[in-house]
Amino acid sequence: MSDLNITIAPETPNDAVAIERLHERTFGPGRYVLSAYRLREHVDHLLDLSFTARIGTLLVGSVRQLPIAVGEVPALLLGPLTVEPPFRSRSVGRALLDRAIAEAKAQGHGLILLVGDEPYYSRVGFKKLPRGRVTMPGPVDPNRMLALELVEGAAAELAGTVRPDWRFARAS
Ligand SMILES: CC(C)(COP(=O)(O)OP(=O)(O)OC[C@H]1O[C@@H](n2cnc3c(N)ncnc32)[C@H](O)[C@@H]1OP(=O)(O)O)[C@@H](O)C(=O)NCCC(=O)NCCS
């Protein structure tokens, strides 16, 4: 349980600058070559499925979810999940994850994928995908490809490369 008085809320356009600064501090300039960022060149994360964590007015964490597809199977790509270092290990990350998952389920999504550490994300039910079945559009350690089925069997037939869900493509 957290001893912090955290407020979790859907992201708004006004949060963009503070979240970008948090990502810069956490992942550095190299973040743009990460596979997940390549997908973000084509589609924006969904604001109503992305969340901020605040203590008072101070932004202390963020999670985003992006509309993707593998073959013809639509899914969400969760990430980045980031918490300000002084506020880590106080369940802020867990609260953001719980909310993102609950909201995705409530909106009828069947599947969430992410690239991350299985020991952390298994706490909320993510499992490793069978090796080689799903690839990212760039180099990713296959052990870090994780999935959470919100609808039973949603990952069963999954195979192919993760691509943006073009229904959400950004107008350019
Ligand atoms: C990962 C991160 C979001 C967790 O946020 P948090 O608010 O500290 O998470 P919680 O408080 O809910 O959980 C903390 C617990 O998870 C553990 N944990 C954190 N990162 C972990 C990891 N990569 N692998 C395994 N366990 C991890 C902590 O040791 C802690 O364990 P404890 O409960 O036994 O003390 C945060 O550490 C962070 O921003 N890290 C840098 C960015 C990052 O790596 N993001 C994930 C990209 S996929």
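Up top is the structure these notes are about.
Worth saying up front: this structure is predicted, and the values here are computed from it rather than measured.

What follows is about the overall build of the protein chain. On a plain count of helices and strands, the protein chain comes out with four helices and nine strands. For the protein chain, the N- to C-terminal ordering of α and β elements is β-α-α-β-β-β-α-β-α-β-β-β-β. Against the globule reference of 16 Å for 172 residues, the protein chain gives a C-alpha radius of gyration of 15 Å, in line with a compact fold. Referenced to the eigenvectors of the C-alpha coordinate spread, the extents of the protein chain come out at roughly 45 × 40 × 30 Å. When the 172 residues of the protein chain are sorted by exposure, 44% land in the buried category. Once local pairs closer than 6 in sequence are excluded, the contacts in the protein chain between residues at least 24 apart make up 71%. For the protein chain, the accessible area works out to roughly 9000 Å², and carbon and sulfur atoms hold 55% of it. Of the side-chain charges in the protein chain, 21 are positive and 19 negative, and the distance between the mean point of each set is 3 Å.

Near the ligand, the surroundings consist of 19 residues, among which Leu-81, Ser-89, Ser-91, Gly-93 and Asp-117 are the closest. Within the contact set of the ligand, an oxygen atom lies 3.3 Å away from a backbone nitrogen or oxygen of Arg-90. Note that a nitrogen atom of the ligand is positioned 2.6 Å from one of the side-chain N or O atoms of Asp-117. Starting from 910 Å² of accessible surface for the ligand in isolation, the protein chains cover 64%. In the shell around the ligand, the residues fall into eight nonpolar, six polar and five charged.

Let's shift gears to the nonpolar core. Among the nonpolar cores identified, the biggest contains 28 residues, and Leu-78, Val-92, Leu-96, Ile-112, Tyr-121 and Phe-126 are the most heavily contacted of them. At the level of elements, β2 (51-55), β3 (58-70), β4 (73-83), α3 (92-106), β5 (111-115) and β8 (145-149) are the ones that each hand at least two residues to this core. A per-element tally of this core places α3 first, with six residues. Not counting residues within four places of it along the chain, the set of residues in contact with Ile-112 comprises Gln-65, Leu-76, Leu-78, Ile-101, Ala-104, Phe-126, Leu-146, Ala-147, Leu-148 and Leu-150. Val-43, Leu-129, Val-134 and Met-145 belong to the second-largest nonpolar core, a separate cluster that totals 18 residues.

Side chains that differ in sign of charge can pair as their charged atoms come close. Following the criterion strictly, the structure yields nine salt bridges and no others. Residue Glu-84 is joined to Arg-25 by a salt bridge in which the shortest nitrogen-to-oxygen separation is 2.2 Å. Here Glu-84, found in the loop between β4 and α3, pairs with Arg-25, found in helix α1 (residues 16-27); they are 59 residues apart in sequence, far enough to count as distant. Judged by relative accessible area, which is 51%, Arg-25 ranks as exposed. Salt-bridge contacts for Asp-44 lead to Arg-170; the nearest nitrogen and oxygen are separated by 2.7 Å. One end of the pair, Asp-44, is in the loop between α2 (35-40) and β2; the other, Arg-170, is in the segment after β9 (160-164), with 126 residues separating them in the sequence.

In a regular helix each residue adds 1.5 Å, so 15 residues correspond to 21 Å; α3 covers 21 Å between its end C-alpha atoms and thus fits that length. Taken residue by residue, α3 has Val-92, Gly-93, Leu-96, Leu-97, Ala-100, Ile-101 and Ala-104 as its buried positions. Around the axis of α3, the buried residues are gathered within 160 degrees of arc, so they sit on the same side. In this structure, α3 carries Lys-105 and Ala-106 as exposed residues pointing more than 90 degrees from its buried face. Of the residues trailing α3, Gly-108 is marked for its positive phi of about 90 degrees.

Definitions and cut-offs
- Residues numbered from 1 in each chain as written.
- Predicted model: local features only at pLDDT ≥ 70, side-chain atom pairs only at ≥ 80, totals over all residues.
- Heavy atoms only, no water.
- Helix = DSSP H or I, 4+ residues; strand = E, 2+ residues; numbered from the N terminus.
- Rg over C-alpha atoms; globule rule 2.2 N^0.38 Å.
- Buried < 20%, exposed > 50% of the residue type's maximum accessible area, 1.4 Å probe, protein only.
- Contact = heavy atoms within 4.5 Å.
- Areas by Shrake-Rupley, 256 points an atom, 1.4 Å probe, with all protein chains shown as cover.
- Lys, Arg positive; Asp, Glu negative; His and termini not counted.
- Charge placed at Lys NZ, Arg CZ, Asp CG, Glu CD.
- Near = heavy atom within 4 Å.
- Polar contact = N/O pair within 3.5 Å; in protein donor to acceptor, adjacent residues only side chain to side chain.
- Nonpolar A, V, L, I, M, F, W, Y, C, P; charged D, E, K, R; others polar.
- Core = buried A, V, L, I, M, F, W, Y, C linked by side-chain atoms within 4.5 Å.
- Salt bridge = Lys/Arg side-chain N within 4 Å of Asp/Glu carboxyl O.
- Expected span 1.5 Å × (residues − 1).
- Arc of directions from axis to C-beta.

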